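Summary of the model geometry
Here's the letter readout for the chains.
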Amino acid sequence: MARVHIAAALGTATLALLIIFQLLSQYGWPEVDFLGLRYYHQWTNSPSNQWPFNPASYAPAPSEDGAQYLLGVGKADVTGPVVEINMMGYADPKQMGSGLRQRLYSRAFIIGDVDKPEDRFVYLVLDTQSGDTAVRYGILEGLAELGPDYRMYGQKNVAVTGTHSHSGPGAWLNYLLPQITSKGFDKQSYQAIVDGAVLSIKRAHESLQPGHLRVGHIDIEDANVNRSPYAYLANPKEERARYKNEVDKTLTMLMFQGAEDGKGLGALTWFPVHGTSMLGNNTLISGDNKGVAAYLLEQAVRESEGARDDFVAGFSQANVGDTSPNVLGAYCEDESGEECNFEDSTCGGTSQPCHGRGPMFRVKDQGASSCFEIGNRQFVGAKTLYDGMIEGAVGTSIRGPVVRSLHAFQDFSTYTFQHPNGSKVSTCPAALGYSFAAGTTDGPGAFDFKQNNTGSPNANPLWALVRGFLREPSEEQKVCHDSKPILLDVGEIENPYLWTPNIVDVQLLRVGQLVIIVSPGEATTMAGRRWREAVHSFAEGISLTDDEEPIVVLGGPANSYTHYIATEEEYGIQRYEGASTLYGPHTLNAHISLTTSYLHYLHVDSLDSPPRGPEPPIYINESLSFITGVVFDRAPFFMNFGEVLSDTVSFYHPGQTAKATFIGANPRNDLRLEDTYAAVEKLDENRKWIRVRDDDDWSLIFKWKRTNNVLATSEVEISWEIEDEAERGRYRIRYLGASKTPISGEIVQFETSSGIFDIK
């Protein structure tokens, strides 16, 4: 990356950035949810094609295997720098990575036509906050570099989705706004995602084989709630009456099964719950609750005889926008302990004390226990469904050999279309409202911003000054955004480069009767329902899937990150989700207009593609960066890297924590991709040390801290929370590190061990 220094950041925009960064450094920002997604309520098997309907209770008789497809799955490490990089999601500059709870992965799922192998698509599930314009560009570029065997993968058929984890390293996104809290762009963070994603696709491609697909559904009642019910209630009463819950409770699974041996290859699921189980004070990298769910399902299924050893489980988001994993509700963390105000999520008039509570909120571990619990609840539902589907007892076979995909770019700053009421309407250049800065109950904001703010904002007047200093929105822009009082006119600021995207990805995938909407933003619950229903209705109208009932799912946030997609009614309330709906009140209907008008391109007889549209800008080589690299490492005088500072004790019991501290070096020297920083080894009967835990495991925690900035010394603490099922025996903790030598900059690898201890 061509690093641009402060001297190159000319003009008033740079000064404004410094003002904003100073404010953020002092006060923090909201859960400026730079992460999102959507989820779908699968109703396609319902006799009435509408809710209320419980897919978990619908078990059609086993049918023929359905069509054969070319199927491949792959998984690869995308864990970027785990220390000294701002974490992506809560937009708090003080939330700097300090270690690793669980590695991050890219999981790739390829579906192709057996007879026409060029007709295929890739669905990626990254343990990241979202997809991204530059990341997708890098992935496509990396695939092209693999040679002619990969020429069929391109803009049209590669979907890059994120699980919306708020616990991964940041500084990899294309546009300026999310770079502000991370002090710019970090090439190491970016490249880890790109390279791992490409590797996962390569592994999936190399594993391609004939197989069958089966889709099924199960309800998970206790893993999500609506964090903005006041906005949800603004939707028409008769529409809400069609649905049992304020969020979608159904997990949908697409199961991949080998044709030759019938073994499970992988499972791709969609379920809407925010990746905010780990709290804003957490500084350990993880994939949040969906990372936990994928880890548990992969472990459980790989142990069975009916699955391949490299079985891959992807837990994709759905209509995630207004969902929360904090299922016990939002309460005031003050002396009152009362529920937060229903309309604006405040306590005594301010948003800061209002926090959502996860199922294990009383455990003070930065949300780790609640995170594991919400992940486990998704796993239990998914495993139950998978077991029924692999036996053919539940679910529906995907039929019809058709595999199609489409992709186009659309400029959402000026898109004009016909509204469902018959009028002609337009989207607007991107802008964020005042309630955006209020945050959510998953991560409240700073100052005195509030949600549900539609009038003249009664907020810190300094922000009005900052807004005007950056760019005062025009009257035309204010009118276009209607009930949104604009805080940041981000879509019209181009200095030093664009703050958010105006050019948006439009993508649809189809296999047999299954249609996947690939959403670039976080659709709210009702927005996702409307979008799926519109695509379903239109697919029926054009006989897209012939005699088969269309099955429509929605996944994201994907390809770029366009913040939120709320319904017009929710937008009018201007809580966080409405204020973060970038392109004005008609954003959702614009997406519906585009996807339904392009749907015919997925027809079996179609030979055409939609117009490609304007290309988005790619800023990886000109992004600002004020992130300092590792200069060098030193061990304390008369000591060596890896030397034990605090050792384990002689024995532990399950339920206790084994811990050791070592003289460390900066983990940014070597990301150890496809490897580990920490390990637990067990002495086997042949007196050999066998690795039994590593960075994959939730129970093994790697922490790093700088002990002296001048001398460049640091320490590493590795903790093993010993599980109840841990085998009795003799163990040791291993630390694998790499130091950077002064002057030469040489990276020197080292390994070390704790003392030996027993588990009794």
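Residues numbered from 1 in each chain as written. Predicted model: local features only at pLDDT ≥ 70, side-chain atom pairs only at ≥ 80, totals over all residues. Heavy atoms only, no water.

1. Points about the overall build of the chain
Across its full length, the chain carries 14 helices and 39 strands. The contacts in the chain between residues at least 6 apart in sequence include a share of 79% that link residues at least 24 apart. (Helix = DSSP H or I, 4+ residues; strand = E, 2+ residues; numbered from the N terminus. Contact = heavy atoms within 4.5 Å.)

2. So, unusual backbone geometry
Residue Asn495 is joined to Pro496 through a cis peptide bond whose omega torsion reads 0°. Looking at the secondary structure, you find Pro496 in the loop between β24 (486–488) and β25 (503–511). Positive phi, close to 70°, is recorded for Ala171, a residue that is not glycine. Inspection of the secondary structure assignment puts Ala171 in the loop between β7 (168–169) and α3 (177–180). Classification of Ala171 by relative accessible area gives buried; the value is 3%. At Ile743, a position not held by glycine, the phi torsion is positive, near 70°. (Buried < 20%, exposed > 50% of the residue type's maximum accessible area, 1.4 Å probe, protein only.)

3. Things to note about the packing of aromatic side chains
Within this structure, the stated rule accounts for 24 aromatic pairs. Here the aromatic rings of Tyr175 and Tyr619 are separated by 6.0 Å at their centres, their planes lie at 80°, and the arrangement is edge-to-face. One end of the pair, Tyr175, is in the loop between β7 and α3; the other, Tyr619, is in the loop between α14 (587–598) and β30 (644–646), with 444 residues separating them in the sequence. Pair check on accessibility: Tyr175 and Tyr619 agree, each one buried. On the numbers, 4.9 Å between centres and 15° between planes, the contact of Tyr677 with Phe702 is stacked. In this pair, Tyr677 is assigned in the loop between β32 (657–664) and β33 (678–683) and Phe702 in strand β35 (residues 700–708), connecting sequence segments 25 residues apart. Just as Tyr677 is buried, Phe702 falls in that class too. (Phe/Tyr/Trp six-rings, centres within 6.5 Å; stacked < 30°, edge-to-face > 60°.)

4. What about a nonpolar patch on the surface?
A contiguous nonpolar patch, built from Phe637, Phe638, Val710 and Leu711 and spanning about 550 Å² of accessible area, is present on the exposed surface. On the secondary structure map, Val710 appears in the loop between β35 and β36 (713–721). Classification of Val710 by relative accessible area gives exposed; the value is 69%. (Patch = residues over 30% accessible without salt bridge, like charges linked within 9 Å, V, L, I, M, F, W, Y side chains within 5 Å. Areas by Shrake-Rupley, 256 points an atom, 1.4 Å probe, with all protein chains shown as cover. Salt bridge = Lys/Arg side-chain N within 4 Å of Asp/Glu carboxyl O.)

5. Examining the pattern of salt bridges
This structure, assessed with the given rule, holds 42 salt bridges. For Arg471, the salt bridge identified is with Asp489, shortest N-O distance 3.2 Å. Residue Arg471 is found in the loop between α9 (461–470) and α10 (475–481), and its partner Asp489 is found in the loop between β24 and β25; the two are separated by 18 residues along the sequence. Between Asp675 and Arg672 there is a salt bridge, with its nearest N and O atoms 3.0 Å apart. Salt bridges here are not isolated pairs; linked through shared partners, they connect Lys75, Arg107, Asp127 and Glu298.

6. Quick word on empty space enclosed by the protein
Enumeration according to the criterion identifies eight cavities of 30 Å³ or more in this entry. Taken as a whole, the largest cavity holds about 70 Å³ of empty space. Around the largest cavity, the lining residues are Val78, Gly80, Met88, Leu104, Asp127, Thr128, Gln129, Ser165, Gly168, Pro169, Trp172 and Ile193. Here the lining of the largest cavity is built from residues that sort into six nonpolar, five polar and one charged. (1 Å grid on protein atoms, 1.4 Å probe; cavity = no way out; pocket = protein on both sides within 12 Å on 5 of 7 lines; lining within 4 Å. Points joined across faces, edges and corners; volume = space filled by probe spheres on them. Nonpolar A, V, L, I, M, F, W, Y, C, P; charged D, E, K, R; others polar.)

7. Section: the pairing of strand β28 (residues 551–555)
Of all five residues that make up β28, five are buried, and the element is covered over most of its length. Along β28, one buried face is formed by Ile551, Val553 and Gly555 and the opposite face, lined by Val552 and Leu554, is buried too. Examined bridge by bridge, strand β26 (residues 514–518) and β28 share five bridges and lie parallel to one another. Residue pairing in the sheet places Val515 in a bridge with Val552 of β28. (Pairing = 2+ DSSP bridges.)

8. A few points about the state of the cysteines
Summed over the entire model, instances satisfying the criterion amount to three disulfides. Each sulfur of the disulfide joining Cys340 and Cys354 lies 2.2 Å from the other. Because the sign of the S-S torsion sets the handedness, a value of about 115° for the bond joining Cys340 and Cys354 places this disulfide among the right-handed ones. With Cys340 in the loop between β15 (330–332) and β16 (354–356) and Cys354 in strand β16, the pair connects residues that are 14 residues apart, well separated along the chain. The buried category is assigned to Cys340, whose relative accessible area is 12%. A disulfide bridge connects Cys428 with Cys480, and the sulfur atoms are separated by 2.0 Å. Its torsion about the S-S bond being -90°, the disulfide of Cys428 and Cys480 is classed as left-handed. (Disulfide = S-S within 2.5 Å.)

9. Some points on α14
Taking 1.5 Å as the rise per residue, α14 with 12 residues should run 16 Å; its terminal C-alpha atoms sit 17 Å apart, in good agreement. Listed in full, the buried residues belonging to α14 are Thr587, Leu588, Asn589, Ala590, His591, Ile592, Ser593, Leu594, Thr595, Thr596 and Tyr598. Where α14 is buried, its residues contact β18 (403–411), β19 (416–418), β25, α11 (525–541), β29 (564–565) and α12 (568–573). (Expected span 1.5 Å × (residues − 1).)

10. Remarks on the side chain of Gln102
Secondary-structure assignment places Gln102 in the loop between β3 (96–100) and β4 (105–113). Judged by its relative accessible area of 3%, Gln102 falls in the buried class. A polar atom in the side chain of Gln102 sits 2.8 Å from the backbone oxygen of Asp696. Beyond its immediate stretch of four places on either side in the chain, Gln102 contacts Ile285, Ser286, Gly287, Gly291, Val292, Tyr295, Asp695, Asp696, Asp697 and Trp698. (Polar contact = N/O pair within 3.5 Å; in protein donor to acceptor, adjacent residues only side chain to side chain.)

11. Quick word on the layout of surface pockets
Volume-wise, the largest pocket comes out at about 820 Å³. The wall of the largest pocket is formed by 33 residues, among which Arg101, Phe372, Trp698, Ser699 and Glu721 lie closest to the centre. Listed by contribution, the elements that provide at least two residues to the lining of the largest pocket are α7 (288–302), α8 (368–390), β32, β34 (689–693), β35 and β36. It is α8 that provides the largest number of residues to the lining of the largest pocket, a total of five residues. Along the lines of polarity and charge, the residues of the lining of the largest pocket split into 11 nonpolar, 11 polar and 11 charged.

12. Digging into the sheet that holds β26
In space, the four strands of this open sheet follow the order β18-β25-β26-β28, with mixed pairing throughout. The open sheet has two free edges, formed respectively by β18 and β28, since each of these has just one partner strand. Strand-to-strand twist in this sheet, taken as the mean axis angle between neighbours without regard to direction, amounts to 15°. Along the sheet, α11 makes contact with β26 and β28, crossing β28 at roughly 140°. (Axes fitted to C-alpha atoms, helices over the stretch in contact; angles between N-to-C directions.)

13. Looking at the nonpolar core
In terms of nonpolar packing, the biggest core is built from 55 residues, with Leu488, Val490, Trp499, Trp531 and Leu599 touching the most fellow members. With five residues, α14 is the largest single contributor of residues to this core. Beyond its immediate stretch of four places on either side in the chain, Leu599 contacts Leu508, Val515, Val535, Phe538, Ala539, Ile542 and Leu544. (Core = buried A, V, L, I, M, F, W, Y, C linked by side-chain atoms within 4.5 Å.)

14. Thoughts on the environment of Pro614
With respect to the helices, strands and loops of the structure, Pro614 is situated in the loop between α14 and β30. Distance in space between the C-alpha atoms of Pro614 and Ala408 is 8.7 Å, their sequence separation being 206 residues.

15. Overview of the packing of α11 against α14
Orientation of α11 relative to α14, taken along the N-to-C sense of each, is 20°, at an axis distance of 10 Å. Here α14 runs roughly parallel to α11, going by the angle between their axes. Once α11 is placed against α14, the crossing between them reads as right-handed. Residue-level contacts link Ala527, Arg530, Trp531, Ala534, Val535 and Phe538 of α11 to Leu588, His591, Ile592, Thr595 and Thr596 of α14. The residue inventory of the contact of α11 with α14, partitioned by class, reads seven nonpolar, three polar and one charged. (Parallel < 35°, antiparallel > 145°, perpendicular 65-115°, else oblique. Left-handed = near helix turned anticlockwise from the far one by under 90°.)

These results come straight from atomic positions and should not be treated as a statement about function.
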